[in-house]
Amino acid sequence: MEVLVKRKLFSQMLILSVLISLFPFKDVHADVAPPQTPPGSNLNPVDETTQVRMMAETVILNIRQDPQDDTSAIAETTATFTMRNLGTAEEKMQARFPLSFFGGDSDGFGNFPEIDQIAVSVDGNSVATNRVMQPAMSSRGPAYVERAEVPWASFDVTFPPGQDVAIEVAYTVRGFGYYPYEKFQYILETGAGWNDTIGSADIVVQLPYGASRFNVWLPDKSTGFSQTSPGSILAGNEVRWHFENLEPTRESNIEVTIVTPALWEDVLKETETVSKNPNDGEAWGRLGKD
């Protein structure tokens, strides 16, 4: 019994140590923003009028340590869309996916980074994409547009009337932020061009360990450059959002802020070490440094 009480006490001390070392309860870097990277986004139809509705979508952002930078993270992203033509005539069109900031914005420092690799399939068959420059879609007005045209990945797709068509888009995005925090975004508003509302939408962020309020920066806290969107549910290793009959606007866009994976892996490792060896002063020191 005494051993269990001591372990519980050590666990509480570890949580307090992690909170103090990783999560200062104040905004940081509020005076300047880090350079952004292109976020993931919903599909958008090139045609202004369509009878095709986005019936459902599931977006999975699989967070991993950036293999090129221990202080950063990447999200291997797969977005699956179920589309249905509600009209009586077949529609052939180009659907498109933004490769950069669809509103014509820069990364905040005058640069225009792009998603460099993207794979698209329609009903399980791979389709070719073309990089095309098309007008920016700024929801904030022309005064905020830094360039008039932005790059999109476009692809041909046919929507027979009354039939579901499955579209999958896979790509990798990098997070951005100030160490030890990393921000990821998913833009829902670009899906507003389809007919009617989005029937259902699930946005899922997967971490390589359990998701908790210690490694996911929840909506009541801000880093100064990011703040996790409200309405999320933490379950297992996932952070999830669910929407029904969504009319997407700029306010619908999702962002999540996490602790850099490499750092949190170190915290978990040292936490396990001091739990097993509570008198290991060096391990406590390493945990404090993390």
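A quick note: this is a predicted structure, and the numbers were derived from the prediction, not measured.

Undergrad: I keep staring at the overall build of the protein and nothing clicks. Help me out?
TA: In terms of regular secondary structure, the protein is built from three helices and 15 strands. Put simply, the protein has 290 residues, and 46% of those count as buried. In the protein, of all internal contacts separated by at least 6 residues, the share reaching a separation of at least 24 is 77%. Just so you have it, the protein exposes about 14200 Å², and 50% of that area is on carbon and sulfur atoms.

Undergrad: Before we go on, may I ask you to explain the nonpolar core in this structure?
TA: Nonpolar side chains tend to gather and get buried jointly when the protein is soluble and globular. If you look at the biggest cluster of nonpolar residues, it comprises 50 residues, and the most contacted ones within it are Ile63, Phe81, Val157, Phe159, Ile167, Phe184 and Trp194. Once residues lying within four places of it in the same chain are set aside, the contact partners of Phe184 are Leu61, Ile63, Ala73, Ile74, Ala75, Val173, Arg174, Gly175, Ile254, Glu255, Val256 and Ile258.

Undergrad: Just to check I follow, could you spell out the environment of Met83 for this structure?
TA: By secondary structure assignment, the location of Met83 is in strand E4 (residues 73-85). For the pair Met83 and Gly199, spaced 116 residues apart in sequence, the C-alpha separation works out to 9.9 Å.

Undergrad: What is the right way to read the sheet that holds strand E11 (residues 181-187) from this model?
TA: Strands belonging to one sheet form pairs held by backbone hydrogen bonds; the direction of such a pair is parallel or antiparallel. Taken together, the three strands give an open sheet; going across it, the order is E1-E11-E15, and neighbouring strands pair in mixed fashion. Of all strands in the sheet, those with a lone pairing partner are strand E1 (40-41) and strand E15 (254-259), marking the two edges. Two elements, E11 and E15, share six bridges in a ladder whose sense is antiparallel. Along E15, the bridge assignment pairs Gln185 with Glu255.

Undergrad: Just to check I follow, could you spell out the packing of aromatic side chains for this structure?
TA: How two aromatic rings sit relative to each other is given by the distance of their centres and the angle of their planes. Counted by the stated rule, this structure contains three aromatic pairs. Here Phe159 and Trp194 contribute two aromatic rings whose centre-to-centre distance is 6.1 Å and whose plane-to-plane angle is 75°, an arrangement assigned as edge-to-face. Within this pair, whereas Phe159 is found in strand E9 (residues 149-159), its partner Trp194 is found in the loop between E11 and strand E12 (198-206), the two being separated by 35 residues in sequence. Arranged with centres 5.1 Å apart and planes meeting at 55°, the rings of Tyr181 and Trp217 form a pair that is tilted. Highlighted residues: Tyr181 in strand E11 and Trp217 in the loop between E12 and strand E13 (233-235), separated in sequence by 36 residues. A relative accessible area of 5% places Tyr181 in the buried class. The class of Trp217 is buried, set by a relative accessible area of 3%.

Undergrad: Help me understand the pairing of strand E10 (residues 164-174) in this model?
TA: Working note: regular strand, side chains alternate between the two faces of the sheet. Residues Val165, Ile167, Val169, Tyr171 and Val173 point to one face of E10 and are all buried, whereas Asp164, Ala166, Glu168, Ala170, Thr172 and Arg174, pointing to the other face, are not buried. In this structure, E4 lies alongside E10, joined through 11 bridges in antiparallel fashion. Counterpart to Thr78 in the pairing with E10 is Ala170. In this structure, strand E6 (residues 118-122) lies alongside E10, joined through five bridges in antiparallel fashion.

Undergrad: Please explain unusual backbone geometry as it appears in this structure.
TA: Glycine aside, residues mostly have negative phi, and peptide bonds are mostly found in the trans state. With omega at 10°, the peptide bond leading from Tyr179 into Pro180 counts as cis. Inspection of the secondary structure assignment puts Pro180 in the loop between E10 and E11.

Undergrad: What's the story with the side chain of Asn253 in this structure? I'm lost.
TA: In this structure, Asn253 sits in the loop between strand E14 (238-246) and E15. On the basis of relative accessibility, which here comes to 16%, the residue Asn253 falls in the buried class. Separated by 3.0 Å, the side chain of Asn253 and the backbone nitrogen of Leu188 make a polar contact. Separated by 2.9 Å, the side chains of Asn253 and Glu189 make a polar contact. In contact with Asn253, other than residues within four places in its own chain, are Tyr186, Ile187, Leu188, Glu189 and Ser229.

About the thresholds
- Residues numbered from 1 in each chain as written.
- Predicted model: local features only at pLDDT ≥ 70, side-chain atom pairs only at ≥ 80, totals over all residues.
- Heavy atoms only, no water.
- Helix = DSSP H or I, 4+ residues; strand = E, 2+ residues; numbered from the N terminus.
- Buried < 20%, exposed > 50% of the residue type's maximum accessible area, 1.4 Å probe, protein only.
- Contact = heavy atoms within 4.5 Å.
- Areas by Shrake-Rupley, 256 points an atom, 1.4 Å probe, with all protein chains shown as cover.
- Core = buried A, V, L, I, M, F, W, Y, C linked by side-chain atoms within 4.5 Å.
- Pairing = 2+ DSSP bridges.
- Phe/Tyr/Trp six-rings, centres within 6.5 Å; stacked < 30°, edge-to-face > 60°.
- Polar contact = N/O pair within 3.5 Å; in protein donor to acceptor, adjacent residues only side chain to side chain.

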